[in-house]
Amino acid sequence: MDYRIVFVDDEPRVLQGLKRMLRSMRKKWTMHFCPGASEALEILEREPVDIVVSDMRMPGMDGAEFLTEVMTRFPTVARLALSGQADEETIMRSVRPVHQYLSKPCDAQVLKATIQRLCSLHGLLQSDHLKGLVAQMKSIPSLPSLYTQIINELESENPSIKTVGAIIARDVGMTAKILQMVNSAFFGLRRRVSDPTHAVNLLGVDTVKNLVLSVHVFSSSKAAKLPFSLGALWNHSMTVGMLAKRLARAETAQPTVIEDALGAGMLHDLGKLILAANLPEKYEQVSTLAEQEGIELLKAEQEVVGTTHAELGAYLLGLWGLPDSVVEALAFHHAPQGDSSTGFRPLTAVHAANALDHELRPSSSALPTSKIDAAYIEQLGLAGRLSAWRGLCPAEIEVAGLDNDQDAGSHIDEDTEPGGHEKAA
Amino acid sequence: MTNQAFTAVEKDKESAIVDAPCDTGASAGARAQLVLERRDELFRILYDTVMEATSADYDQVFSILCRNLRLLCGARSVMLASYEPHPPMLRIEAIDFQDELRHNCQESIGKIIADPPACLIGGCEATQIQVCDPELSSQIEEFFGCRTCSAACRDSIDRYRISCLRDGELLAIGMILLPSGWTLRQQDIINAYLNIGVVILHRNKAVRESSQSEKRFRTYVEQATVGILILIDDRVRYANPHLSDLMGCPAGDLDEPFYDFLFPEDRPHLDGYLKVLRSSHQSSPDLQIGFRHRTGHRIDIEISGTRVTYTGEPAELLFLRDVTERNTLQMQLSRAAKLEAIGQLAGGIAHEINTPTQYVGDNTRFLQETFSDMLELISTYQTLMERARARATTEEDFLKAKEAAEAIDIAFLEEEVPKALVQSLEGLGRISTIVAAMKAFANPQVCDTRQIDINKLIQDTVTVSRNEWKYVAEMETVLDDSIPCIPINAAAINQAILNIIINAAQAVAGTIENGSKEKGKISIRTRCEGNWILIEIQDTGGGIPKVVQPRVFDPFFTTKEVGSGTGQGLALAHAAVVDSHGGKLTFETKIGKGTTFVIRLPVAEADGNHAGSHGEEDTAA
C-alpha cells in the first residue's frame with residue numbers, strides 16, 4: 001500500500017535533508033515537503049494524506065496551530081511533531097494536537113521506524129470515521145473519584161509523587177495518557193515505558209501537575225456521560241493488569257516484558273472506553289445485541305460498529321506511540337493467534353489474565369466471555385503452565401478486592417495501596 | 001479691676017513684709033528702722049528666690065516661687081498651677097501653707113485638668129495679682145482642691161488671684177489667701193516679684209527644653225543604625241555605638257587605631273576623600289571602601305561626610321553605612337538577570353544547533369545509502385567491463401547495466417550529492433559558528449577589560465540570539481571596519497547589545513501579533529564619530545509610547561506580561577554602557593515606525609580608565 005506523508009519545516013535545508021534521507025522509501029511512500037503550514041494545508045485539501053510530520057516553531061502559522069487545524073479538519077491523519085524546540089511552553093502547547101513528538105536531531109532510523117509503525121496501524125481500522133474519532137481523542141475519561149483525587153493531590157501544597165503515581169496507576173484513562181507522554185520525546189525522555197508509576201517518576205511531579213492542571217490531559221467520566229458504570233471495568237482492568245504482571249514474572253525475567261504485561265493488562269479494554277465515550281448509542285446497541293443473541297460482546301461489536309474494542313484501543317495506543325508489544329497485546333488479546341510471533345509475550349500474559357479473570361469471577365450477566373485459547377498456549381509450548389497460572393490468580397484477585405461500584409477507587413486506596421497516603425502519616 | 005484700691009485695715013497679729021500693720025505708737029525712728037528692716041527682708045526674699053530658682057530644675061521653680069511669695073505677702077496659703085496652651089491644660093505645681101493650715105492639699109500636686117474652663121484661665125491679661133470675687137474664688141479653690149477649711153476659717157480669709165504671662169501667653173495661674181482685713185498696699189512689689197518669677201520660669205523652661213532636646217538628639221545619635229563618627233585631625237573624637245557594632249569592637253576601642261580597621265589598600269581612598277571634604281565647600285559624593293571587621297572579614301562601608309564644628313574646632317562628621325548585603329544583593333540580582341538572558345538563549349541556541357544537526361545527519365545518511373548504491377552500480381559496470389574485455393558482452397548485459405543506472409537515478413544523484421555535501425558542510429559551519437560565538441559570549445573574563453573588536457562582538461551576539469529574532473525579523477548589519485578596537489568589558493557590552501536585540505525582536509513581534517504577518521527588520525550599524533564609537537540598533541517595532549519613555553531604563557520596569565521578563569534588560573544595558581564604560585545610551589522612537597537605540601562608547605585615552613573600579617560591580621556576576 002502506498003502511504004502519503006507530508007513533511008512541514010520552515011528550514012529548506014531540513015526539508016531537503018529529509019527528502020534525501022527518505023529517498024530510499026520513495027517506492028513505499030508518497031512524500032510531500034512543504035516549507036510552511038499553508039502549503040501543507042493546500043495538499044491536505046487536495047488529496048488524501050495519512051501522516052503529517054511538522055516542525056513546531058515556524059513563522060506565520062506555527063506547528064501547534066497547524067496540527068490543531070489538521071486535527072479538526074482532517075481527523076484521520078496521524079500527527080507527528082519533529083522539533084528542535086525544547087522549551088516547556090512549546091511542548092505544553094503541542095501536547096494536545098500531537099500524537100507523537102520527535103525531537104531534532106532525530107535519527108533517520110527512528111524517524112523511519114516511527115512512520116512505518118504509524119503506517120502499519122492503518123490495517124487495524126477500516127473505517128475512516130472510526131479512525132477520525134480515535135485520532136481526535138485528547139483524553140480518555142477517568143473514574144470520577146480518582147479524577148477528584150488526582151486534582152486534589154496536585155493542587156495541594158506539596159503533592160507527593162508517590163501518591164500521584166499510585167492514583168494514576170489505578171486509572172485506565174490516566175495510565176494511557178501518561179504513557180503517551182513518557183514514550184514520546186515531549187519531555188526529552190524518549191524512554192520505552194509501560195508502567196504508569198515509573199512514568200510519573202520519570203516525568204516528575206511538576207510536569208504532571210502542569211499537564212493535568214493547565215493542559216487538562218485528564219478528564220472525568222462524569223463530563224463524558226458514559227452509558228455504563230466504570231467500576232466493573234476498572235475492577236477488571238486492574239485485576240488483569242496485576243495478574244498479567246504476575247504471569248509474566250512467573251515466565252520471564254525480562255523487565256520490559258513484565259512491565260508491558262502490566263501496562264497492556266491495565267489498558268486491554270481501553271477500546272470499550274473509546275467506544276462508550278464517542279459512540280454511546282452504538283455501545284448500548286452492542287450490549288443489547290449481545291444479550292438478545294447470547295453472543296460474545298466482541299462479536300456484537302463487530303456487527304454493530306464494524307470493529308472491536310481490541311482494535312480501537314490498539315489503534316489509539318499505536319497512534320500515541322506506546323511500545324509495539326503493548327499495542328499488539330491490545331489488538332490480539334481475544335485472538336492471540338492473529339499474531340504471528342512466538343514465545344511468551346505481553347500478549348500471552350494479557351490474553352491469559354483476561355480469560356482467567358473471566359473464568360474465576362464470572363460476571364452477573366450470562367454473556368459468553370473469552371476463554372483461554374488452548375491451541376495458542378499449546379503452540380507456545382506453555383500448556384503445562386496453565387495450572388500454575390491459575391494458582392497465581394486467587395491471591396491476586398483477593399488483593400484487588402474491588403466492588404463493582406462507582407467508588408471502586410476509594411476501595412483500592414485502602415486495600416491495595418497503603419503507601420499511597422504515606423504523606424499524610 | 002486691676003487698679004482697685006486695697007483698703008488698709010489694721011490688723012495686729014500677723015507680721016508680713018509687705019502689709020503688716022505698723023505700730024502707730026512707735027517712734028518715728030523706730031518706724032524708719034522697721035521700714036529699713038522690712039526692705040532688707042524683702043530684698044533677701046527676692047535675692048533668695050532668684051538665687052534658688054535660677055539654679056533649680058524647672059520642676060522645683062514653682063515651689064520656690066510659691067514659698068517665697070507666701071513669705072513676701074505674709075499669706076496663709078499660696079497655690080500655683082502651670083498652663084500649657086498646646087493642648088490647653090492646667091497642672092497644679094505647688095501649694096504652700098502656714099503651718100496651722102496644712103491640709104492634705106499636697107495630694108493635689110501634679111493634678112492635671114485638660115481643657116480648663118474659661119473661668120479659670122480667662123481674664124488674665126497681665127502678670128499681676130487681683131482681688132477675686134467669691135464665685136470665681138470658690139471655683140479656683142475647688143480646682144486646687146483646698147476646700148477643707150472650716151466655714152469660720154473661710155470667712156476670715158481674703159482671696160487674690162495671680163496670673164503670670166509672657167509675651168501675652170499665659171504661663172501660670174495661682175491664688176493667694178490672706179487673713180481677712182489685710183491689705184495689699186504694695187501690690188506693685190508683688191507684681192514685680194511675679195514678673196521676676198515669670199522670667200525665671202521662662203528661662204528654666206527653655207533650659208529644660210534644650211536639655212531635653214539635647215538628650216533626645218544624643219539618643220538619636222546613639223541609637224542610630226548608621227555609624228556616626230566625628231574626626232578632628234584624623235583622630236576619633238566621637239563614635240556612636242553602632243559604629244562599634246559595625247567594626248565588632250567594644251565601644252571606646254575605636255579611638256586611636258581607627259585606621260587599623262581599614263584595609264591598607266583602602267587607606268589612600270579615605271585620605272583622599274577627607275582631603276576633598278576639608279578643602280571643598282560642596283558635599284562630595286559618597287565613598288565606598290572596605291573595612292576589616294574585628295573577625296577579619298571584609299565589610300563594604302559607604303561613607304558620606306560633611307564638615308562641622310565640634311567643640312569649637314573644625315571637624316568632619318562621617319556617616320558610615322554597611323552596604324555589604326546591599327552589594328551582595330545587587331551582584332546576585334545582576335547575576336540573576338544575566339542568567340535569565342542566558343537561560344532564554346539556551347533553548348534558542350539548542351534549536352539553532354539541533355536544526356543543522358538534523359539535516360547534516362540526514363544528508364550523511366543519504367550519502368551513505370548513495371555510496372552503497374554506487375558501489376552496486378560500479379560492480380555491475382565492472383562485470384560489464386570484464387565481459388567486454390572477454391568480448392562476451394550481450395545486449396542483455398548492456399540492458400542490465402542501464403537498468404541498474406536508472407534504478408539509482410544517476411541524474412538525481414548528480415544533482416543532489418553535491419548539494420548534500422555543500423549543505424552538510426554549511427550546516428557544520430553553522431554549528432561551529434554558534435559554538436564559537438557562544439564561547440566568546442559566555443566566556444569573557446569576568447571583569448577584565450581589554451582591546452575588543454566591537455564588530456566581532458556584535459556578530460557573535462547576533463549569532464547566539466538568532467533564534468530570538470529570526471521568526472519575526474530580518475537582521476541587517478552594516479559594520480564599519482575602520483572602527484578601532486577599544487578596551488571594554490566584553491561581557492558587559494555583549495549583555496547590553498543582547499538585551500537591546502531581544503528587546504527589538506520583542507517589539508517587532510508585538511507588531512506582528514497585531515496583525516501584519518510580514519517580518520520586521522532589525523538593523524545594526526557601527527561607525528566612528530569623533531572620539532566615540534556609535535552602535536545603532538534599529539527595529540521596525542511599534543515604538544515606545546510617550547508615557548513609557550522616561551522609564552525605559554528603570555530597573556524592573558516592564559511592559560511585558562508578568563512572568564515574561566523581570567524588566568532588567570535595558571536597565572542593565574544602561575548600567576553597563578553608562579556606569580561601567582562612561583558611555584551613553586539613548587534612543588529615538590516613533591510610534592508605529594520603530595525605535596533606534598544608540599550606544600556611544602568613548603574611544604579610550606591611553607590609560608583606558610573608563611572601565612574602572614565601578615565596572616566591576618556591574619559585571620562581577
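See the structure printed just above.
Residues numbered from 1 in each chain as written. Chains lettered and ligands numbered in written order. Predicted model: local features only at pLDDT ≥ 70, side-chain atom pairs only at ≥ 80, totals over all residues. Heavy atoms only, no water.

A separate point is the interface of chain B and chain A. Contact residues are listed per partner, giving 25 residues for chain B and 26 residues for chain A. Carbon and sulfur atoms make up 47% of the surface buried where chain B meets chain A, a total of about 2,400 Å² over both sides. Among the residues of chain B in contact with chain A, Q358, R365 and Y471 of chain B are the three that bury the most area, contributing 26% of the side total. At the surface where chain B touches chain A, the tally comes to six salt bridges. For the salt bridge of R365 of chain B with D107 of chain A, the shortest nitrogen-to-oxygen distance reads 3.3 Å. Here chain B and chain A share 13 residue pairs in polar contact (both at pLDDT 80 or more) between them. At the level of elements, helix 9 (324-389) and helix 11 (410-442) of chain B are the ones that each hand at least two residues to the side of chain B that touches chain A. Counting residues per element, the side of chain B that touches chain A draws most heavily on helix 9 of chain B, which supplies 11 residues. Partitioned by chemical class, the residues of the side of chain B that touches chain A number eight nonpolar, eight polar and nine charged. (Contact = heavy atoms within 4.5 Å. Buried area = accessible area lost by both parts, 1.4 Å probe. Salt bridge = Lys/Arg side-chain N within 4 Å of Asp/Glu carboxyl O. Polar contact = N/O pair within 3.5 Å; in protein donor to acceptor, adjacent residues only side chain to side chain. Helix = DSSP H or I, 4+ residues; strand = E, 2+ residues; numbered from the N terminus. Nonpolar A, V, L, I, M, F, W, Y, C, P; charged D, E, K, R; others polar.)

All names here are of chain B. Ordered by their spatial adjacency, five strands build an open sheet running 8-7-11-10-9, and the pairing between neighbours is antiparallel. This sheet does not close on itself; its edge strands, each paired only once, are strand 8 (235-239) and strand 9 (287-292). Looking at each pair of strands side by side, their axes are set apart by 40 degrees on average, direction ignored. In the sheet, strand 7 (residues 227-232) pairs with strand 11 (residues 313-322) via five bridges, with the strands oriented antiparallel. (Pairing = 2+ DSSP bridges. Axes fitted to C-alpha atoms, helices over the stretch in contact; angles between N-to-C directions.)

With that settled, consider the packing of helix 8 (residues 161-168) of chain A against helix 10 (residues 196-203) of chain A. All names here are of chain A. For the pair helix 8 and helix 10, the least separation of the axes is 8 Å and the interaxial angle reads 140 degrees. One way to sum up the angle between helix 8 and helix 10 is to call them oblique. Taken as a pair, helix 8 and helix 10 cross one another with a handedness that is right-handed. On helix 10, the residues that touch I161, V164, G165 and I168 of helix 8 are P196, T197, V200 and N201. Tallied by class, the residues present in the contact of helix 8 with helix 10 amount to five nonpolar, three polar and no charged. (Parallel < 35°, antiparallel > 145°, perpendicular 65-115°, else oblique. Left-handed = near helix turned anticlockwise from the far one by under 90°.)

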